[in-house]
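# Inside the fold
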Amino acid sequence: VKLDDGDTGSDIQYLLGAGDTASTTYVTLKERYGGLHFDINDGSGWHTARTENSSVFPDSQTPWIHIVAVADDDNDQMYIYKNGVQQPLQAGANGNLTGFVFSNLNAACIATVTLGVASQDCAVAGSPWYLNGSIDEVRLYNRTLASTEINTTYLRGIKGIKSNITNGLVAYYDFEANVTGNG
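Note that the structure is a prediction, hence the values are computed from the model and not measured.

### Notes on the sheet that holds strand β6 (residues 67–72)
- Strand order in the open sheet formed by 3 strands is β6-β7-β8, and the pairing between neighbours is antiparallel. On the outer flanks of this sheet lie β6 and β8 (85–86), each paired with one strand and no other.

### Some words on unusual backbone geometry
- Look at Asp76: it is not a glycine, yet its phi comes out positive at around 50 degrees.
- In this fold, Asp76 is placed in the loop between β6 and β7 (77–82).
- You will see that Glu137, though not glycine, has its phi angle at about 55 degrees, which is positive.
- Structurally, Glu137 is set in the loop between β11 (133–134) and β12 (138–141).
- For Glu137, a relative accessible area of 25% corresponds to the partly exposed category.

### What to know about the nonpolar core
- In terms of nonpolar packing, the biggest core is built from 25 residues, with Leu36, Phe38, Phe57 and Ile67 touching the most fellow members.
- When residues of this core are traced back to their parent elements, those giving at least two are β2 (13–20), β3 (25–32), β4 (35–42), β7 and β12.
- Excluding its chain neighbours within four sequence positions, the residues that come into contact with Phe38 are Val27, Thr28, Leu29, His47, Thr48, Ala49, Ala69, Val70, Ala71, Met78, Tyr79 and Ile80.
- Judged by nonpolar contacts, the second largest core, of 8 residues, contains Val68, Val70, Tyr141 and Ile165.

### Section: the confidence of the model for the protein chain
- Across the protein chain, pLDDT averages 78, with 78% of residues at or above 70.
- Predicted confidence for residues 178–183 stays below pLDDT 50, and this span has 4 contacts to residues more than four positions away or in other chains.

### As for the pairing of strand β5 (residues 46–51)
- Pairing geometry for β4 and β5, over 5 bridges, is antiparallel. Counterpart to Asn41 in the pairing with β5 is Trp46.
- A loop of 3 residues connects β4 with β5, the two strands running antiparallel in sequence, and Gly43 in this loop sits at a positive phi of about 100 degrees.
- Bridge analysis of β5 against strand β9 (residues 89–94) gives 2 bridges, and the strand direction is antiparallel. The residue of β9 that forms the bridge with Ala49 is Asn94.

### Some points on the pattern of salt bridges
- Evaluated as defined, the whole model comprises 4 salt bridges.
- For Lys30, the salt bridge is made with Asp39, and the minimal N-O distance between the two is 2.9 Å.
- The closest approach of N and O atoms between Glu149 and Arg143, which form a salt bridge, is 2.7 Å.
- On the accessibility criterion, Arg143 (25% relative accessible area) is partly exposed.
- Residues joined by salt bridges that share partners form a network here, namely Glu137, Arg139 and Lys162.

Rules behind the numbers
Residues numbered from 1 in each chain as written. Predicted model: local features only at pLDDT ≥ 70, side-chain atom pairs only at ≥ 80, totals over all residues. Heavy atoms only, no water. Pairing = 2+ DSSP bridges. Helix = DSSP H or I, 4+ residues; strand = E, 2+ residues; numbered from the N terminus. Buried < 20%, exposed > 50% of the residue type's maximum accessible area, 1.4 Å probe, protein only. Core = buried A, V, L, I, M, F, W, Y, C linked by side-chain atoms within 4.5 Å. Contact = heavy atoms within 4.5 Å. pLDDT = per-residue confidence, 0-100. Salt bridge = Lys/Arg side-chain N within 4 Å of Asp/Glu carboxyl O.

The following block contains the structure:
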C-alpha cells in the first residue's frame, strides 16, 4: 500500500472491505490517523485490532508498505504486520477473538471483497470511504499464515520476486496491468 500525499488524517481510508448485510458479517482493513484498523464481525459483534496512530504511515514521505492482517482461529487473536514485522496493538483494541465464530464468515461475505473502498454493505449510509493511494499484490488466504511466511513474502517482494506461498490461497490480485483509480 502507498498513500498519496501522506493522506493520514481523520478520514477513514479503506484498503479492503467485505460484508453481507443478510448475515451481518463484515471484514474491514482501513487506515486512519496513520494507523491501521482491522475489524471483523461474525454477526454477534465487532472484534478489532488497531495499531497506534502514525505507527504504520508516519508521514507524507512513506514509501510502499507491505501490510498483512491475520485472524488466527487457533489462538483467538488478530495480528497486523508492517513490512514483515508484527505491530503492537492498542489496549482495548488488541485483537482478542475469544468467542468469535469463523464459520459465520460465509461465502456471501467473502464474495463481496472490494479493494480501495468499503464494500456497499460496509459503507456508512451512502458515505463510502475511498483509498487515496495505491494497492498492489493482494492475497487472501483461508488459513493463518505463520510469521515466518509473512516475513518471507515481504523479503521476496522487496527483491521483486513473487510470493510462492499457495497453501490456502483463495484469491490473488497482482495488478500487473497497472490499474489505478477509485472503485
